[in-house]
Amino acid sequence: MQDAALQCLFHPFRAGFIEMPAPEATCLFLNAAVDPALDLLPRGTLCQQHFRSGYDALTRAGYQAVPVLEEEDDRADRDIVLLRAPKQLQELKGLIARGLVRLRPGGLFVVSAANDAGGSRLGELLAEAGLDVSSDSKHKARVCRARTGPALQMARLDAWRQESAMQPVMEGAYRSMPGLFSWDRIDPGSALLADHLPEGLKGDGADFGCGYGFLSRAVLERRGADVRSLACVDADARALAAARENLIGASAETTFHWADLETGSPVRGLDFVVMNPPFHLGKDRNTALGEGCIRAAASALKPFGHLYMVSNRRLPYEALLSRVFSRVETLFEGNGYKLHKAAHPNGDTKKHCVPRALGTQ
Ligand SMILES: C[S@@+](CC[C@H](N)C(=O)[O-])C[C@H]1O[C@@H](n2cnc3c(N)ncnc32)[C@H](O)[C@@H]1O
């Protein structure tokens with residue numbers, strides 16, 4: 001699928017509204033993604049991408065990439081900052097603020113967002129930040145550009161940075177940040193799975209797609225007396241940072257893995273996996289992501305290992321579960337969710353086509 005914001009981001013350069021950056025210009029690209037137009041940027045451009053698959057694609061294509069920006073490294077010395085806007089508003093404000101403070105006076109800020117992901121609010125936000133903005137629409141997205149100057153609203157930018165940073169949530173029970181899944185509340189599906197975890201969890205386990213660590217903590221606090229180790233796996237580096245903080249003082253050895261489960265599991269030999277897998281709902285309902293995680297779980301478990309998984313009732317994972325595990329049961333169905341328990345992975349974790357009627361609809 002084409003990324004509308006990414007296509008639109010480079011429009012002002014291509015259309016000649018702004019000059020191509022000189023090869024020696026210093027450039028930062030926030031929430032970066034690979035695109036042929038990246039070749040327009042100086043080779044030394046620093047790309048930030050917290051999602052593992054996107055980060056890997058950037059480094060494979062030869063770009064210098066980091067998962068997160070270090071707060072200490074916010075020198076105002078960049079000539080250009082580009083931002084591919086995320087959907088979540090507080091996260092977007094935080095990235096605008098982090099980008100603007102890194103620009104030298106008079107430096108160029110370019111930000112784009114798809115029309116259905118907040119494109120219409122971009123100009124307003126940049127004006128609030130104290131910028132004099134020019135904007136264009138292209139590829140079902142909006143791109144805004146502006147040069148920094150003395151009117152920059154530093155107090156507002158500081159507030160945006162703080163609002164988007166790691167912070168206590170749910171009356172201090174957890175630490176989390178905007179942009180993470182269900183960042184300031186407990187997901188009802190995960191809560192249901194936590195309530196149905198069996199008494200006898202033991203040995204070495206993992207939380208696949210751990211987010212800020214709700215399920216990991218539920219495993220260790222509610223059922224963890226015999227759990228020796230727990231591996232927390234997520235594709236989002238920020239989620240792992242939060243999970244790490246939320247598991248300080250855990251009763252078992254914890255490890256943290258920044259990994260794309262669609263390409264396989266970073267851990268093996270597990271006794272159990274708990275999982276609320278990632279999914280895309282809406283018009284393009286797509287179970288491929290969750291299916292990748294199920295395959296990864298099957299390949300990570302010992303022959304007598306168990307997967308405990310929650311899914312949206314409308315997502316048809318049963319066919320794949322029955323193919324890659326010898327025993328599958330539904331532990332609970334209700335409130336819009338299904339809880340699956342799958343045992344005895346049978347080694348059939350290869351990707352092959354699921355008949356449409358059984359797989360995705
Ligand atoms: C539905 S959320 C569940 C989060 C957490 N377990 C909870 O209950 O709050 C799914 C998680 O999977 C992560 N994720 C998405 N795609 C992934 C992938 N390809 N590999 C690993 N993790 C992924 C997301 O970052 C997100 O944290």
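Each remark here, short or long, concerns the structure printed above.
Residues numbered from 1 in each chain as written. Predicted model: local features only at pLDDT ≥ 70, side-chain atom pairs only at ≥ 80, totals over all residues. Heavy atoms only, no water.

Trainee: So, the packing of aromatic side chains: which residues are in play, and what are the values?
Mentor: Here the distance between the centres and the angle between the planes together describe a pair of aromatic rings. On inspection of all chains with the given rule, the structure shows four aromatic pairs. Note on Phe 10 and Phe 29: the rings are 6.2 Å apart at their centroids and 90 degrees apart in plane angle, and the pair reads as edge-to-face. Of this pair, Phe 10 sits in the loop between helix 1 (4-9) and helix 2 (11-14) while Phe 29 sits in strand 1 (residues 27-30); the two residues are 19 residues apart in sequence, bridging distant segments of the chain. Here the two residues Phe 10 and Phe 29 agree in accessibility, since each one is buried. Here the aromatic cluster, defined as three or more aromatic residues joined through ring pairs, consists of Tyr 174, Tyr 212 and Phe 214. Lying over the aromatic face of Tyr 63, Arg 43 brings its terminal NZ or CZ to 4.6 Å of the ring centre. (Phe/Tyr/Trp six-rings, centres within 6.5 Å; stacked < 30°, edge-to-face > 60°. Helix = DSSP H or I, 4+ residues; strand = E, 2+ residues; numbered from the N terminus. Buried < 20%, exposed > 50% of the residue type's maximum accessible area, 1.4 Å probe, protein only. Lys NZ or Arg CZ within 6 Å of the ring centre and 35° of its normal.)

Trainee: So what's going on with the sheet that holds strand 10 (residues 202-208)? Which residues, and what values?
Mentor: Strand pairing in a sheet is mediated by backbone hydrogen bonds. Such pairs are either parallel or antiparallel. The strand order 12-11-10-13-14-16-15 describes an open sheet built from seven strands, whose pairing is mixed. Here the strands that pair on one side only, and so sit at the sheet edges, are strand 12 (253-258) and strand 15 (325-334). The sheet shows a mean angle of 15 degrees between the axes of neighbouring strands, taken without regard to direction. Relative to the sheet, helix 7 (residues 188-196) contacts strand 13 (270-275), strand 14 (301-312), strand 15 and strand 16 (337-345), its axis offset from that of strand 16 by approximately 55 degrees. (Pairing = 2+ DSSP bridges. Axes fitted to C-alpha atoms, helices over the stretch in contact; angles between N-to-C directions. Contact = heavy atoms within 4.5 Å.)

Trainee: With reference to specific residues and values, describe the layout of surface pockets.
Mentor: Taken as a whole, the second largest pocket spans an internal volume of roughly 480 Å³. Elements with a minimum of two residues in the lining of the second largest pocket: helix 4 (89-101) and helix 9 (237-246). Its residues assigned to classes, the lining of the second largest pocket shows ten nonpolar, four polar and six charged. Shared between two domains, the lining of the second largest pocket holds at least three residues of each, these being domain 1 (4-164) and domain 2 (167-345). (1 Å grid on protein atoms, 1.4 Å probe; cavity = no way out; pocket = protein on both sides within 12 Å on 5 of 7 lines; lining within 4 Å. Points joined across faces, edges and corners; volume = space filled by probe spheres on them. Nonpolar A, V, L, I, M, F, W, Y, C, P; charged D, E, K, R; others polar. Domains from an automatic or database assignment.)

Trainee: Run through the site of the ligand, naming residues and quoting values.
Mentor: Taken together, the neighbourhood of the ligand is formed by 16 residues, with Ser 190, Gly 209, Asp 234, Asp 260 and Leu 261 sitting nearest. At a separation of 3.2 Å, a nitrogen atom of the ligand approaches a polar backbone atom of Ala 235. Separating a nitrogen atom of the ligand from a side-chain N or O atom of Asp 260 is a distance of 2.8 Å. Coverage of the ligand by the protein chains reaches 95% of its 590 Å² of free accessible surface. Residues belonging to the shell around the ligand are distributed by class as follows: nine nonpolar, four polar and three charged. (Near = heavy atom within 4 Å. Polar contact = N/O pair within 3.5 Å; in protein donor to acceptor, adjacent residues only side chain to side chain. Areas by Shrake-Rupley, 256 points an atom, 1.4 Å probe, with all protein chains shown as cover.)

Trainee: Just give me the short version of the packing of helix 4 against helix 6 (residues 154-164), but keep the residues and values in it.
Mentor: Two numbers describe how helix 4 lies on helix 6: the axes approach to 8 Å, and their chain directions differ by 130 degrees. With respect to their mutual orientation, helix 4 and helix 6 come out oblique. With respect to the hand of their crossing, helix 4 and helix 6 are arranged in left-handed fashion. Note on element contacts: helix 6 touches helix 4 through Met 154, Leu 157, Trp 160, Arg 161, Glu 163 and Ser 164, opposite Gln 90, Glu 91, Lys 93, Gly 94, Ile 96, Ala 97, Arg 98, Leu 100 and Val 101. Here the residues of the contact of helix 4 with helix 6 are counted per class, giving seven nonpolar, three polar and five charged. (Parallel < 35°, antiparallel > 145°, perpendicular 65-115°, else oblique. Left-handed = near helix turned anticlockwise from the far one by under 90°.)

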